[in-house]
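Here's the letter readout for the chains.
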Amino acid sequence: MKKLDWYILKRYLVTFLFTLLILIPIAVAIDIAEKIDKFLQHENLTFFQVVDDYYINFIIYYANTFMPLALFIAVILFTSRLANNTEIVAINGAQISFTRFLYPYFIGATIVCIVALLMNHFFVPSSSKTRKAFEKEYLKKKRYTDTTVREFSLQLNDSTYIFAQSFDLKRNSGYYFSTEIYDGIQLKEKLTAENINWVEKDSVFKLYRWKRRKIYKDRDSIFSGNSLDTAFAFTPKDFNYKNVMAQEMASPELIKFIEISKKRGIKNLNAYLVELYKRTSLPIASYILSLIAVALAHKKRRGGIGLNLALGISIMFAYVFFLKVAEVLGAVAGANALLNVWIPNIVFGLYAIYLYLNARK
């Protein structure tokens, strides 16, 4: 790399980190002001717990959230400064093309993208789990919640289905449970029980007042009893499908969960797919946002850095708004989650290409 590349790359990364380090303390200060009274309500809550369990994970989450905004603002700031100091004029005078001028920017975007990918897919889900557990314990009002799942059905594999009229997730017990095994469309076996309890230490279900019916070509066999210990290819957590769970799963776990859920016949997994896809689409946006920012700020304007910054922030908020709308639409049943998540990048990518072609002239 040439001295110019190192110079721009260093400014790129330093300004990005500086912008991020400005935004994070502001977010922390606002959060402390909002929650200080709730912290003080708990006499057993120590300062170390607040910092270790909540604010470290809070910083990880919001550093990842603010990363695109910090990147965009940083590139506009230092590129506008280069333009105002006529450094870009000197670069053009050295017959360095705009495309060549972008090389260090894209190297910087690659570094940020790799860090963001690692955070999104592995570190942020783990920290979110700890932070949300802390919020649930100390910050949210404890209210009565109905933990009962009603009229539940699940496909375990190509031939096995289970049904439960109700299942209490808190007590791990349910009523009127049945499982059916098919050969094609032909019912081969059915097991029913009035009550079902999960025995966690043995990882089995205990069925009460059960009846099993096996169907053969010329006869049926029926067995019954008061209690029966049996294992199934599911656990009580499979009764509970909450979208927030996706944010707390590392990507390998989330992918496995989606695959198992598809095999079990869960129809709408778009909320999970949106969460999975955006973990990649948002880091890739580093390239798009960097290109837009450079194309907007590389020329000296009469309004100076302020005008470039105002224009850039407007575009950034338009991107964030578009992204949130796309996420909501992508989570709707029947929508193409992958396409919806990537639409903001596609649209703003085309805009970036348009700005790039104009900037080359």
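Above: the structure in question.
Just so it is clear, the structure is predicted and the values come from calculations on it, not from any experiment.

Side note on the overall build of the protein chain
Part 1 of the reasoning: Counting its secondary structure elements, the protein chain contains 10 helices and six strands.
Part 2 of the reasoning: A compact globule built from 361 residues should have a C-alpha radius of gyration of about 21 Å, whereas the protein chain, at 28 Å, is more than 25% larger.
Part 3 of the reasoning: Its C-alpha atoms give the protein chain principal-axis dimensions of roughly 95 × 55 × 30 Å.
Part 4 of the reasoning: When the 361 residues of the protein chain are sorted by exposure, 42% land in the buried category.
Part 5 of the reasoning: Look at the contacts in the protein chain between residues 6 or more apart in sequence, and 63% of them connect residues 24 or more apart.
Part 6 of the reasoning: Within the structure as shown, the protein chain displays about 20,600 Å² of accessible surface, and the carbon and sulfur contribution to it stands at 60%.

Notes on the pairing of strand 4 (residues 186–199)
Part 1 of the reasoning: Note: strand 3 (residues 173–183) against strand 4, 10 bridges, orientation antiparallel. Among the inter-strand pairings, S173 is bridged to a residue of strand 4, identified as N197.
Part 2 of the reasoning: Linkage of strand 3 to strand 4, two consecutive antiparallel strands, is achieved through a turn of two residues, within which G184 is found at a positive phi near 70°.
Part 3 of the reasoning: Across 10 bridges, strand 4 lies against strand 5 (residues 204–215) in antiparallel orientation. Along strand 5, the bridge assignment pairs W198 with F205.
Part 4 of the reasoning: What sits between the antiparallel neighbours strand 4 and strand 5 is a turn of four residues, in which S203 has the positive phi angle 55°.

Brief notes about the sheet that holds strand 2 (residues 160–168)
Part 1 of the reasoning: Pairing is antiparallel in the open sheet, where six strands are placed in the order 1-2-3-4-5-6. Two strands close off the open sheet at either side, each with one partner strand: strand 1 (148–155) and strand 6 (220–230). In this sheet, adjacent strand axes meet at a mean angle of 10° when their direction is disregarded.

A short note on the pattern of salt bridges
Part 1 of the reasoning: Enumeration over the complete set of coordinates arrives at 12 salt bridges.
Part 2 of the reasoning: Salt-bridge contacts for R171 lead to D168; the nearest nitrogen and oxygen are separated by 3.4 Å.
Part 3 of the reasoning: Between K278 and E275 there is a salt bridge, with the nearest N and O atoms lying 3.5 Å from each other. Linking K278 with E275, this pair stays in helix 8 (residues 270–297), spanning three residues, or about one helical turn.
Part 4 of the reasoning: Owing to a relative accessible area of 23%, K278 belongs among the partly exposed residues under this scheme.
Part 5 of the reasoning: Judged by relative accessible area, which is 12%, E275 ranks as buried.
Part 6 of the reasoning: What you see here is one network of salt bridges that share partners, running through E275, K278, R279 and E327.

Considerations on empty space enclosed by the protein
Part 1 of the reasoning: For the structure on display, the rule yields one cavity of 30 Å³ or more.
Part 2 of the reasoning: There is about 80 Å³ of room inside the largest cavity.
Part 3 of the reasoning: Looking at the largest cavity, the residues that line it are N64, M67, P68, L71, V112, A116, N120, L282, P283, A285, S286 and L289.
Part 4 of the reasoning: Listing elements by their share of the lining of the largest cavity, those giving two or more residues are helix 2 (47–84), helix 5 (103–139) and helix 8.
Part 5 of the reasoning: Looking at which element gives the most residues to the lining of the largest cavity, the answer is helix 8, with five residues.
Part 6 of the reasoning: When grouped by side-chain class, the residues that make up the lining of the largest cavity number nine nonpolar, three polar and no charged.

The rules behind the values
Residues numbered from 1 in each chain as written. Predicted model: local features only at pLDDT ≥ 70, side-chain atom pairs only at ≥ 80, totals over all residues. Heavy atoms only, no water. Helix = DSSP H or I, 4+ residues; strand = E, 2+ residues; numbered from the N terminus. Rg over C-alpha atoms; globule rule 2.2 N^0.38 Å. Buried < 20%, exposed > 50% of the residue type's maximum accessible area, 1.4 Å probe, protein only. Contact = heavy atoms within 4.5 Å. Areas by Shrake-Rupley, 256 points an atom, 1.4 Å probe, with all protein chains shown as cover. Pairing = 2+ DSSP bridges. Axes fitted to C-alpha atoms, helices over the stretch in contact; angles between N-to-C directions. Salt bridge = Lys/Arg side-chain N within 4 Å of Asp/Glu carboxyl O. 1 Å grid on protein atoms, 1.4 Å probe; cavity = no way out; pocket = protein on both sides within 12 Å on 5 of 7 lines; lining within 4 Å. Points joined across faces, edges and corners; volume = space filled by probe spheres on them. Nonpolar A, V, L, I, M, F, W, Y, C, P; charged D, E, K, R; others polar.

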